[in-house]
Amino acid sequence: MEAKKMFINGEWVESSSGSVRDIINPYNREIIATVSEGSIDDAKHAIAAARKAFNENDWAAIPATERGKVVHEIADLIERDREELADLESLDTGKTVAESLIDMDDIAAVFRYYAELADKEADGEMINSPIPNSTSKIVREPIGVCSQITPWNYPLLQASWKLAPALAAGNTLVMKPSEITPLTSIKVFELMEEAGVPKGVVNLVLGPGKSVGEELASNEDVDLVSFTGGLETGKKIMQAASSNVKKLALELGGKNPNVIFADADFDTAVDQAMNAVFFHAGQVCSAGTRLIVEERIHDKFVDALVKRVKKIRLGSGFEESTQMGPLISKEHLNKVIDYVEKGKREGATVAAGGGIPDNPELQNGFFYLPTVLTDCTTDMRVVQDEGFGPVITVEKFTTEEEAVQLANDSIYGLSGGVFTNDIAKAERFVAKMRMGTVWINDVNLYFPQAPWGGYKQSGIGRELGKTGLEEYQEIKHIFRNLKPKPLNWFK
């Protein structure tokens, strides 16, 4: 099997070390591809190519409308190859093809949104100068060379949130996808080459975070680092980025509350409590894994939830009957196992799941049963730590004030939801939630027009929306004296 290559300075190249990595299907552990395993030298080569492209070529200088057309073309090509990309994503991550197809539609929409936004405010914003006979204008310019490090759970979706605004703004970039899920990123770089992105503007380096990722974060020729992933890695990137005071955009996950009041529509709230967690086996940064239920409906709610959770069908993402696929790897499966065992030691009760399925057809995959843990309190690590698996912890509350306190009792602040038919209560509640995105009577929704990011230790900055473009821009003030004359201060 010929190894898939990296894309550096407009060419598809092998790793300078000759190293390769096998990519594993998490459903059955079969090797689905072999890819080049990049090194620090490869990362330096890619950064140098991006630096040269930014300094010498005309990507940033061409009219923003023309950049927008190229980004539009990338969206067209993603739509053309939608099914191929979805199959690759499901092979790589184990998620259902139905989920991957939705992802591809969302990815195309992200590229289209930033294509349309590329030339907005291209001429700058005039502001009123307080100085007579002068003009004052604010313009936004590309930052320069951007390092982009993406996670394994939504490989191409998260890549699109970084690629599209960076290109629309006129930057050059080096992307490092997760070393275990690089296939759709490789494919989209092929599409960007087909769309006519100039040489050196986009570069793809494969390899581990400890070498390639660290170089992308610390190299002084990089002007911005955008990272999506775990909190501890994010802290290391912050330290590495201090080498030249790079701009940072960090999305570091969450432990997200989903609060159910007794006056909520019961069946909808139960259904959405499942939607909040079990897509992609709970490997979602915004998953509502902290279920916080009003005490007077707690038992009824948990009973209804457990009945439905036990019916979730596990299997291959390529089978239409499958509702939930495997976890990403053996290592991650062990983390989820340890996470639930820790919860049990802390006093949580396993109301559903809590182990590996005994279905013989699933034994080669990294499957874990959809799990509900009850009798949970906020002092438990299982409630505070991001488990990143198909596990719901259930807490209870009696008053609105207590529910707010519980919801905010976390080092994270990415997202949260509240279910109630009392709109005044809902508005009061979300106003007090310390999170970047809050939902009323819904969960896990996002779209390109709205910013995405978190409070507290969920990260720095925002992706998506107009703000997502501004993350890749510097602000310059241009002042012009219309009637210059000597000041004669120093005679």
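Just above, that's the structure.
What counts and how
- Residues numbered from 1 in each chain as written.
- Predicted model: local features only at pLDDT ≥ 70, side-chain atom pairs only at ≥ 80, totals over all residues.
- Heavy atoms only, no water.
- Helix = DSSP H or I, 4+ residues; strand = E, 2+ residues; numbered from the N terminus.
- Rg over C-alpha atoms; globule rule 2.2 N^0.38 Å.
- Buried < 20%, exposed > 50% of the residue type's maximum accessible area, 1.4 Å probe, protein only.
- Contact = heavy atoms within 4.5 Å.
- Areas by Shrake-Rupley, 256 points an atom, 1.4 Å probe, with all protein chains shown as cover.
- Lys, Arg positive; Asp, Glu negative; His and termini not counted.
- Charge placed at Lys NZ, Arg CZ, Asp CG, Glu CD.
- Pairing = 2+ DSSP bridges.
- Axes fitted to C-alpha atoms, helices over the stretch in contact; angles between N-to-C directions.
- Patch = residues over 30% accessible without salt bridge, like charges linked within 9 Å, V, L, I, M, F, W, Y side chains within 5 Å.
- Salt bridge = Lys/Arg side-chain N within 4 Å of Asp/Glu carboxyl O.
- Expected span 1.5 Å × (residues − 1).
- Phe/Tyr/Trp six-rings, centres within 6.5 Å; stacked < 30°, edge-to-face > 60°.
- Lys NZ or Arg CZ within 6 Å of the ring centre and 35° of its normal.

(A) Geometry of the overall build of the chain. A tally of helices and strands in the chain yields 15 helices and 22 strands. Here the C-alpha atoms of the chain give a radius of gyration of 24 Å, agreeing with the 23 Å that 2.2 N^0.38 yields for 491 residues. If one aligns the C-alpha atoms of the chain with their principal axes, the spans along those axes are about 85 × 60 × 40 Å. Counting all 491 residues of the chain, 55% fall into the buried class. Of the contacts formed within the chain by residues at least 6 apart in sequence, a portion of 73% connects residues at least 24 apart. With the model as given, the accessible surface of the chain reaches about 21,100 Å², and the carbon-plus-sulfur share is 49%. With 53 positive and 73 negative side-chain charges, the chain shows a spacing of 6 Å between the two charge centroids.

(B) Summary view of the sheet that holds strand β18 (residues 415-419). One open sheet accounts for seven strands, arranged β14-β15-β16-β13-β12-β18-β19; its pairing is mixed. This sheet does not close on itself; its edge strands, each paired only once, are β14 (349-352) and β19 (437-440). Shown here is a sheet whose adjacent strand axes are inclined to one another by a mean of 25°, direction ignored. Contacting β14, β15 (371-374) and β16 (391-397), helix α11 (residues 330-346) runs over the sheet at an angle of about 30° to β16. Against the sheet, helix α14 (residues 423-432) contacts β12 (257-260), β18 and β19, and its axis sits at roughly 165° relative to β19.

(C) Local environment of the sheet that holds strand β6 (residues 134-142). Pairing is antiparallel in the open sheet, where three strands are placed in the order β5-β6-β22. Where the open sheet ends on each side, the last strands, each with one partner, are β5 (125-127) and β22 (473-481). Pairs of neighbouring strands in the sheet enclose a mean axial angle of 25°, with direction left out of account. By the bridge criterion, nine bridges tie β6 to β22 in an arrangement that is antiparallel. Note that in β22 the partner of Lys137 across the bridge is Ile478.

(D) View of the environment of Val394. Examined against the element boundaries, Val394 turns out to sit in strand β16. Leaving out residues up to four positions away in the same chain, Val394 has contacts with Leu291, Val293, His298, Val302, Val372, Leu373, Thr374, Asp375 and Cys376.

(E) Quick peek at a nonpolar patch on the surface. A cluster of nonpolar side chains, namely Leu487, Trp489 and Phe490, defines an oily patch on the protein surface of about 510 Å² accessible area. Looking at Phe490, the relative accessible area reads 77%, which means it is exposed.

(F) View of helix α6 (residues 183-195). In a regular helix each residue adds 1.5 Å, so 13 residues correspond to 18 Å; α6 covers 19 Å between its end C-alpha atoms and thus fits that length. Along α6, 10 of the 13 residues are buried, which leaves the element largely enclosed by surrounding structure. Every buried residue of α6 is listed here: Leu183, Thr184, Ser185, Ile186, Lys187, Val188, Phe189, Leu191, Met192 and Ala195. Count one or two residues on from α6 and you reach Gly196, which has phi positive near 95°.

(G) Quick look at the packing of aromatic side chains. One pass over the full model with this rule turns up 11 aromatic pairs. On the numbers, 4.7 Å between centres and 45° between planes, the contact of Phe7 with Trp12 is tilted. You can call Phe7 buried: its relative accessible area is 4%. When its relative accessible area of 25% is taken as the criterion, Trp12 is described as partly exposed. A network of ring pairs unites the aromatic residues Trp161, Trp439, Tyr446 and Trp452 as a single cluster. The ring of Phe266 is capped by Lys300, whose NZ or CZ atom sits 4.6 Å from the centre of that ring.

(H) Geometry of unusual backbone geometry. Positive phi, normally seen in glycine, also occurs at Asn9, with a value near 55°. Structurally, Asn9 can be placed in the loop between β1 (6-8) and β2 (11-13). Judged by relative accessible area, which is 26%, Asn9 ranks as partly exposed.

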